[in-house]
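Residues per chain, in single letters:
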Amino acid sequence: MTLIAHAIAPVPRSSLKGGEGLRGRPLSWSGAGDIGLWSTQWDPADKLDRNDALEHHRLLERICAVQPCLPVRFGTAFASDDAARASLAGRVDELRAALDRVAGKSELAVTLLWAKNSGASAPRPPDPATGPGRRFMEERLSRHASREARKARAAELVECLVAELSVERALVWHEICASEAVAVSLAVLIPSERAAERKAVLERLAGRFNDVVGVVNGPWPPYSFATAESSVDSAPRGRT
Amino acid sequence: MKELTPADASLLELVDRLLHKGVVLAGHATISVAGVDLIYLGLNVVLAAVETLEGKQERRAS
């Protein structure tokens with residue numbers, strides 16, 4: 001019997017209603033110092049699938065509703081309770097600090113998708129009168145310019161959102177142009193009791209731009225902030 | 001390329017968080033590639049996560 005990890009939480013552990021993990025199997029608590037790990041007792045012969053991933057998410061929402069928690073990456077498994085405890089043992093202080101940072105907070109996610117026919121998207125068509133070599137180079141140049149224009153616009157969109165949100169930059173994570181369709185993926189950590197209000201603000205902000213379609217998700221567990229790093233940046237954490 | 005709808009984007013963002021974010025503990029990743037394919041529902045745009053996962057497993061094994 002193995003354990004599929006869900007979340008790190010502080011002691012005392014909450015009495016989770018039903019005490020059920022994935023597929024109705026028992027939830028297990030592995031304590032280490034003043035923190036512990038919630039996991040599901042699991043038969044290693046069973047493969048995890050899409051439904052288990054979504055159930056892991058719902059389980060995290062239940063845990064986060066009753067106590068501070070750090071989501072563990074889906075798919076993490078331990079051979080035994082001892083192995084689970086050992087994985088926490090050397091990191092109790094840093095994980096405790098991370099728990100303090102997310103306590104009482106939830107994550108809202110903003111995705112900005114490039115709108116159809118958004119200006120920065122289409123590379124300039126090549127001039128058919130030019131030779132194949134020149135046409136090839138011009139096409140490359142045009143695609144490069146188009147990509148760079150999109151990146152610049154996406155960075156501008158991030159700055160607009162962060163400025164309007166008026167939150168500490170350390171509480172914002174973002175990534176730009178992660179795929180052809182996505183201009184911006186941004187997460188912000190907000191007090192849970194203000195989640196509905198902040199979500200409405202974000203939806204309004206995201207709907208302001210003509211060249212992108214905004215999608216706001218959450219509130220959900222603080223996935224993007226469940227790191228054990230303690231440094232606080234002056235700029236929003238992100239990738240370009 | 002398949003156009004990404006807002007509903008796709010919501011699922012994509014959630015799946016990306018489940019598989020890419022959160023605390024990384026020294027456990028053993030058990031998601032099979034087939035399982036991950038099921039999770040992704042054909043959203044090829046995030047298949048990079050599979051490579052990340054496989055790469056980590058390989059690095060851990062070596």
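Please read all numbers here as calculations on a predicted model, not as lab measurements.

Definitions and limits used
- Residues numbered from 1 in each chain as written.
- Chains lettered and ligands numbered in written order.
- Predicted model: local features only at pLDDT ≥ 70, side-chain atom pairs only at ≥ 80, totals over all residues.
- Heavy atoms only, no water.
- Buried < 20%, exposed > 50% of the residue type's maximum accessible area, 1.4 Å probe, protein only.
- Helix = DSSP H or I, 4+ residues; strand = E, 2+ residues; numbered from the N terminus.
- Pairing = 2+ DSSP bridges.
- Salt bridge = Lys/Arg side-chain N within 4 Å of Asp/Glu carboxyl O.
- Contact = heavy atoms within 4.5 Å.
- Buried area = accessible area lost by both parts, 1.4 Å probe.
- Axes fitted to C-alpha atoms, helices over the stretch in contact; angles between N-to-C directions.
- Parallel < 35°, antiparallel > 145°, perpendicular 65-115°, else oblique.
- Nonpolar A, V, L, I, M, F, W, Y, C, P; charged D, E, K, R; others polar.
- Arc of directions from axis to C-beta.
- Domains from an automatic or database assignment.

(A) Fine view of the pairing of strand β6 (residues 105–114) of chain A. All names here are of chain A. Most of β6 is tucked away: nine of the ten residues are buried. Pairing analysis gives seven bridges linking β6 to strand β9 (residues 212–220), with the strands arranged antiparallel. In the strand pairing of β9, Trp114 is matched with Val212.

(B) Examining the pairing of strand β3 (residues 35–42) of chain A more closely. Residue and element names in this part refer to chain A. Across the eight residues that make up β3, a large majority, seven, are buried. The pairing of strand β1 (residues 2–10) with β3 spans eight bridges and is antiparallel. Looking at the pairing, Ala9 lines up with Gly36 of β3. Pairing analysis gives six bridges linking strand β2 (residues 27–32) to β3, with the strands arranged antiparallel. Bridge pairing in β3 places Gly31 opposite Gly36. The antiparallel hairpin formed by β2 and β3 contains two residues in its connecting segment, where Gly33 sits at a positive phi of about 65 degrees.

(C) How the structure looks around the pattern of salt bridges. Residues and elements named next belong to chain A. Under the defined criterion, the tally for this structure stands at 16 salt bridges over all chains. Its salt-bridge partner being Arg25, residue Asp46 comes within 2.8 Å of it at the nearest N-O pair. Of this pair, Asp46 sits in the loop between β3 and α1 (50–66) while Arg25 sits in the loop between β1 and β2, placing them 21 residues apart in sequence. Take Arg25: its relative accessible area is 22%, and that puts it in the partly exposed class. When salt bridges with common partners are traced through the structure, they connect Arg23, Asp49 and Asp52 into a single cluster.

(D) Summary view of the environment of Leu88 of chain A. Tracing the backbone through its elements, the reader meets Leu88 of chain A in helix α2 (residues 81–89). Along the backbone, Leu88 of chain A and Ile35 of chain A are 53 residues apart, and their C-alpha atoms lie at a distance of 8.3 Å. The residues touching Leu88 of chain A, leaving out its near neighbours within four places in the chain, are Ile8, Ser30, Ala32, Ile35, Gly36, Leu37 and Leu95 of chain A together with Leu25 of chain B.

(E) How the structure looks around the interface of chain B and chain A. Residue-level contacts link 33 residues of chain B with 44 residues of chain A. Of the roughly 3200 Å² buried between chain B and chain A on both sides combined, carbon and sulfur atoms contribute 65%. Summed over the shared surface of chain B and chain A, the result is one salt bridge. Between Arg17 of chain B and Glu107 of chain A there is a salt bridge, with its nearest N and O atoms 2.4 Å apart.

(F) Looking closely at the packing of α1 of chain A against helix α1 (residues 6–20) of chain B. One way to put it is that α1 of chain A packs onto α1 of chain B with a least axis distance of 11 Å and a crossing angle of 80 degrees. The angle between α1 of chain A and α1 of chain B places the two elements in the roughly perpendicular class. Every residue of α1 of chain B that contacts α1 of chain A at Ala53, Leu54, His56 and His57 of chain A is listed here: Leu11, Leu14 and Leu18 of chain B. The class makeup of the residues in the contact of α1 of chain A with α1 of chain B is five nonpolar, two polar and no charged.

(G) Structural detail: helix α3 (residues 92–102) of chain A. Residues and elements named next belong to chain A. Listing the buried residues of α3 in full gives Val92, Leu95, Ala98, Leu99 and Val102. Viewed along the axis of α3, the buried residues span an arc of 130 degrees, placing them on a single side of the element. Where α3 terminates, the next one or two residues include Gly104, which has phi positive at roughly 75 degrees.

(H) Looking closely at the domain arrangement of chain A. All names here are of chain A. The assigned domain composition of chain A is domain 1 (2–103) and domain 2 (105–223). Put simply, the middle of domain 1 and the middle of domain 2, counted by C-alpha atoms, are 33 Å apart. Counting residues at the interface gives nine residues for domain 1, matched by seven residues for domain 2. When domain 1 packs against domain 2, close to 650 Å² is buried across both sides, 64% of that on carbon and sulfur atoms. In terms of surface lost to domain 2, no three residues of domain 1 exceed His57, Pro71 and Val102, which account for 53% of the buried area on that side. Run the count over domain 1 and domain 2 and you get zero salt bridges. Class assignment of the residues belonging to the side of domain 1 that touches domain 2 gives a composition of six nonpolar, one polar and two charged.

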